[in-house]
Amino acid sequence: MIVVSEEVAGAQAVVALETTLVAHGFPAGEGVEVGLESEKRVRAAGAVPATIGALDGAIRVGLSPEELERFGPDARKVGPRDLAAAVVQGAVGATTVGGTLAVCRAAGITVMGTGGLGGVHRGFPHPPDVSADLTELARTQVVVVSAGVKSLLDVPATAEALETLGVPVLGYRTDELPLFYTARGGPPVSARVESAEDAARVASAHWALGGGGLLLGRPPDQSLDDVEPLIERALADAERKGVTGQRMTPFVLAYLHRESGGRTLAANRRLIADNAALAAEVAVALTRP
Ligand code: PSU
Ligand code: MN
C-alpha cells in the first residue's frame, strides 16, 4: 500500500514534504513550483526529499516532477482519517501535515518540512475545529520544521494544545513561536535552539525518553508586520460567504494573496523553501552519532 521510491529507500537523510500546500495552498500551477523548489533546497542541504501523497491506489513516498503535477486543485485534501479511503478509491490525495506524518510513522521518516502547522481555529469551540495535525504530531517521532502555525488560527490556543499533548516547541534562534508571516510577538517556545545540530540532539533525547513529535519553529527572514488586519478581514469575508471547514484555508490564503498585492504569496513561497532547507540540515544532523 505504501510505495517508497528507490531514491528515498536508499537515502540516509530524508525529509518528508506534504502535498496539500502544493494542491491547495497556491494559485493553480504555482503549488507545483513551490514543491519543486522545496525539493531542490532539501537536496542542496545534502538530504533526499520524500514528497508524499496518494496516487493510483497507493500511498507514494517520493514523487517524480510529472507525478507532482497531478496534485492540482481537484486533488482531495487528505488528513490522517482520509488516507485509507483515498487509496482504496484510487483518488489523487494531497496529504496535510497530519496525513503526511501518519505516512512518516509507517515509513520510518523522522523529519518533515512545511509552511505552517494546523491547530486550533479562532472562535473555538464555535466551531470546534482543531486540526488532526496536532494529535498526529503528538504520536509520531518526527521533527516538523515550520514557520509556526497557520496564520488564520488562534496561535496562543494552539500553543497551549501543543503543551497539553506533550509536544516540545523549539525555537530556531528565537524565544517565540514564529507567527508565520511575522517573526516576532508569538507565545514563548518551550526551548530555544541555536542550530540544526542542537535541534537534532533535543529530538534524539526526546525519543530516547519515549516521546513523540517535536515542532521546530523557524522565523521567516522577511517579516510582514501588517498582515493581521488583512487576516481579520479575510475571516469576516469567509463568515459572510459561509465558507467553513476544508475550504477555509484556501479561501483565506487567496484573499491575502490578492489584498496584499502578492506580498503574502512571495513570503509564503520563501518560508516554505527555507523551512525545507532547515529540515534537511536537521535530517543530516540526525544521521550523525
Ligand atoms: N499552512 C498553510 N497553508 C495550508 C496548510 C497549512 O499556510 O494549506 C495545510 C497543511 O497541509 C496543514 C493543513 O496540514 O493545512 C491543516 O488543515 P486542517 O486545519 O484542515 O487540518
Ligand atoms: Mn480543520
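Rules used in this analysis
- Going along each chain's sequence as written, the residues are numbered from 1 onward.
- Chain A is the first chain written and ligand 1 is the first ligand written, with later ones labelled in order.
- Predicted model: local features are reported for residues with pLDDT of at least 70 only, side-chain atom pairs are reported and counted for 80 or more only, and whole-chain, interface and lining totals are derived from all residues.
- Working from all heavy atoms in the structure, the side-chain values ignore hydrogens and water.
- The term salt bridge refers to a side-chain nitrogen of Lys or Arg lying within 4 Å of a carboxyl oxygen of Asp or Glu.
- Secondary structure follows DSSP: runs of H or I at least 4 residues long count as helices, runs of E at least 2 residues long count as strands, and numbering of each begins at the N terminus.
- Throughout, exposure labels follow a simple rule: accessible area from a 1.4 Å probe, protein chains only, divided by the maximum for the residue type, with under 20% read as buried, over 50% as exposed, and the rest as partly exposed.
- Any N or O atom pair separated by 3.5 Å or less is treated as a polar contact, with the protein-specific requirement of one donor-capable and one acceptor-capable atom, and with residues adjacent in sequence counted only for side-chain atom pairs.
- Pairs of residues are marked as contacts when any of their non-hydrogen atoms sit within 4.5 Å.

Before going further, it helps to examine the pattern of salt bridges. Two side chains bearing opposite charge may form a pair once their charged atoms approach each other closely. For the structure shown, the criterion picks out 24 salt bridges. Two residues, Arg 288 and Glu 197, come together in a salt bridge whose shortest N-O distance is 3.9 Å. With Arg 288 in the segment after α12 (263-286) and Glu 197 in helix α9 (residues 196-208), this residue pair connects regions lying 91 residues apart in the sequence. When its relative accessible area of 51% is taken as the criterion, Arg 288 is described as exposed.

The next thing to look at is unusual backbone geometry. Omega for the bond connecting Phe 124 with Pro 125 falls within 30 degrees of zero, at 10°, which places this linkage in the cis form. Mapping Pro 125 onto the fold places it in the loop between β7 (111-113) and α7 (132-138). A cis amide bond, omega 5°, links His 126 with the succeeding residue Pro 127. In this structure, Pro 127 sits in the loop between β7 and α7.

Here we take up the side chain of Asp 133. With respect to the helices and strands, the residue Asp 133 is situated in helix α7. A distance of 2.7 Å separates the side chain of Asp 133 from the backbone nitrogen of Gly 118, its partner in a polar contact. Sequence-distant contacts of Asp 133, defined by excluding residues within four places in its chain, comprise Thr 96, Val 97, Gly 98, Leu 101, Leu 117 and Gly 118.

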